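Coordinate inspection notes
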Amino acid sequence: MPTEPAMTDKPTQAKPLWLRRPLPTGPRYGQIRSLIRETNLHTVCQEAMCPNQFECFAKGTATFMILGDRCTRSCRFCAIGHGPQAPPDPEEPDRVAEAVRAMGLNFSVLTSVTRDDLADGGAAHFAATIRAIRQHNPQTLIEVLIPDFQGDLGALATVLDARPEVLNHNLETVARLYPAVRPEADYLRSLSVLRHSGRLAPSIVRKCGIMVGLGETAAELAGLFTDLRQTGCDILTIGQYLQPSRRHLPVIRFLAPDEFETLTNQALAAGFKAVAAAPFVRSSYQAETLYRRVTPVT
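Residues numbered from 1 in each chain as written. Predicted model: local features only at pLDDT ≥ 70, side-chain atom pairs only at ≥ 80, totals over all residues. Heavy atoms only, no water.

1. Looking at the layout of surface pockets
The space that makes up the second largest pocket amounts to roughly 230 Å³. For the second largest pocket, the lining is made up of 15 residues, of which Glu216, Ala218, Leu221, Arg253 and Leu255 are closest to its centre. Secondary-structure elements contributing two or more residues to the lining of the second largest pocket are helix H9 (218-231) and helix H10 (257-270). In terms of residues, the lining of the second largest pocket owes the most to one element, H10, which gives 4 residues. (1 Å grid on protein atoms, 1.4 Å probe; cavity = no way out; pocket = protein on both sides within 12 Å on 5 of 7 lines; lining within 4 Å. Points joined across faces, edges and corners; volume = space filled by probe spheres on them. Helix = DSSP H or I, 4+ residues; strand = E, 2+ residues; numbered from the N terminus.)

2. Quick notes on the packing of helix H5 (residues 123-136) against helix H6 (residues 153-161)
In contact at an axis separation of 8 Å, H5 and H6 are set at 5° when each is read in the N-to-C sense. On the basis of the axis angle, H5 is roughly parallel to H6. Facing H5, whose interface residues are Ala123, Ala124, Phe126, Ala127 and Ile130, H6 presents Ala155, Thr158 and Val159. (Axes fitted to C-alpha atoms, helices over the stretch in contact; angles between N-to-C directions. Parallel < 35°, antiparallel > 145°, perpendicular 65-115°, else oblique. Contact = heavy atoms within 4.5 Å.)

3. Notes on the nonpolar core
Counting 35 residues, the largest nonpolar core has Leu171, Leu224, Phe225, Leu228, Ile238, Leu263 and Phe272 as its most contacted members. Formed by 34 residues, the second largest nonpolar core is a distinct cluster that contains Val113, Val144, Val159 and Ala201. (Core = buried A, V, L, I, M, F, W, Y, C linked by side-chain atoms within 4.5 Å. Buried < 20%, exposed > 50% of the residue type's maximum accessible area, 1.4 Å probe, protein only.)

4. Here's the deal with the environment of glycine 121
With respect to the element layout, glycine 121 can be found in the loop between strand S5 (107-112) and H5. When its relative accessible area of 8% is taken as the criterion, glycine 121 is described as buried. Distance in space between the C-alpha atoms of glycine 121 and leucine 67 is 9.7 Å, their sequence separation being 54 residues. With sequence-adjacent residues up to four places away left out, glycine 121 is seen in contact with Leu67, Arg115 and Phe149.

5. Side note on the confidence of the model for the chain
Scored by pLDDT, the chain comes out at a mean of 86, with 80% of its residues at no less than 70. Low pLDDT (under 50) marks residues 7-11, which in the prediction has 12 contacts with non-local residues, meaning those over four places away or in another chain. (pLDDT = per-residue confidence, 0-100.)

6. Quick word on the pairing of strand S10 (residues 274-277)
Burial along S10 is two-sided: the residues Ala274 and Ala276 and Val275 and Ala277 are all buried. Of the strand pairs in this sheet, strand S9 (residues 235-240) and S10 are connected by 4 bridges, and their pairing is parallel. Of the residues in S10, the one forming a bridge with threonine 237 is alanine 276. (Pairing = 2+ DSSP bridges.)

7. So, the environment of alanine 123
Along the chain, alanine 123 turns up in helix H5. With 26 residues separating them in the primary sequence, alanine 123 and phenylalanine 149 have C-alpha atoms 7.8 Å apart. The residues contacting alanine 123, other than those within four sequence positions of it, are Phe149, Ala155, Thr158 and Val159.

8. Topic: the packing of aromatic side chains
Here the distance between the centres and the angle between the planes together describe a pair of aromatic rings. Throughout the structure, instances matching the rule amount to 4 aromatic pairs. Seen in terms of ring centroids, tyrosine 178 and tyrosine 187 are 5.7 Å apart; in terms of plane orientation they differ by 85°. Their pairing is edge-to-face. Across the pair, tyrosine 187 and tyrosine 178 agree in class, each one buried. The side chain of arginine 229 reaches across the aromatic face of phenylalanine 272, ending 5.7 Å from its centre. (Phe/Tyr/Trp six-rings, centres within 6.5 Å; stacked < 30°, edge-to-face > 60°. Lys NZ or Arg CZ within 6 Å of the ring centre and 35° of its normal.)

9. Observations concerning the state of the cysteines
Evaluated as defined, the whole model comprises 0 disulfides. Cysteine 78 carries a free sulfur, and the closest cysteine sulfur to it, the one in cysteine 75, is 6.5 Å from it. Using a relative accessible area of 22% as the deciding quantity, one classes cysteine 78 as partly exposed. In this structure cysteine 208 is a free cysteine whose sulfur lies 5.4 Å from that of cysteine 233, the closest cysteine sulfur available. (Disulfide = S-S within 2.5 Å.)

10. Side note on the packing of helix H4 (residues 92-103) against H5
As a packed pair, H4 and H5 sit with axes 8 Å apart at the nearest point and diverge in direction by 40°. With respect to their mutual orientation, H4 and H5 come out oblique. The two elements H4 and H5 cross, and the hand of that crossing is right-handed. Taking contact as the criterion, the partners of Glu92, Pro93, Asp94, Val96, Ala97 and Val100 in H4 are, on H5, His125, Ala128, Thr129, Ala132, Ile133 and His136. Classifying every residue of the contact of H4 with H5 by side-chain character gives 7 nonpolar, 3 polar and 2 charged. (Left-handed = near helix turned anticlockwise from the far one by under 90°. Nonpolar A, V, L, I, M, F, W, Y, C, P; charged D, E, K, R; others polar.)

This is how it looks when you write it as structure tokens:
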């Protein structure tokens, strides 16, 4: 059985050829970077060192990260900083809404750092941002990628009452690896977030993302697929874990592209309605495309 990943100060592994690609930029890339800077907003694309940020910015889209740029948790795979947090900025929802308008987005994605220091985990701020986008951009569809709110169902209901089209919550990895990868999270609690979302708001599409390459086994992934489907989750994203720095967990294995094709087929066979699995896939990558596979335009 693969050993659990351990922290390392050794150099990161050399990436295989399929993880090397040109960086698309162009005029839209610069425009989006400028807009984010001028509106004093954060994106998970930049803060989490997403490998798709060049592509997405060049296409005129981004995933907005609200509630600051520092997390109260210190997951060992994540590049987002952690440390002292400021109170939620009451003007941030309107700034996000204005950025969505300026970018002309038909589909917007919101996420946040985890804010265990707040009584509601930031749920009211999520809801305020959803409402602001609706007010300024009534035709824009909204996906939210939320933390677990420490299992607070009232906080979850606050977000769902604002009626996003998609509720996304990531498991990230298999249950066995949680102590090493997500020591402040809980596998069953994350499943519960998705399960209760379906009970509280059955019309809202549920989505989840995971990483591979951390030492998980094929059997563990199959079990995760089953667990997720039992919550009613419809959309699954699967991407290669990439070590952000020497201070983070090492990559145990780089999966080849054909292995991601196999995972796609296995997930579809498990009952997911839409699956994106490839080395560079992240939870908000091509979000509208996946949503449309579940809810086609009528």
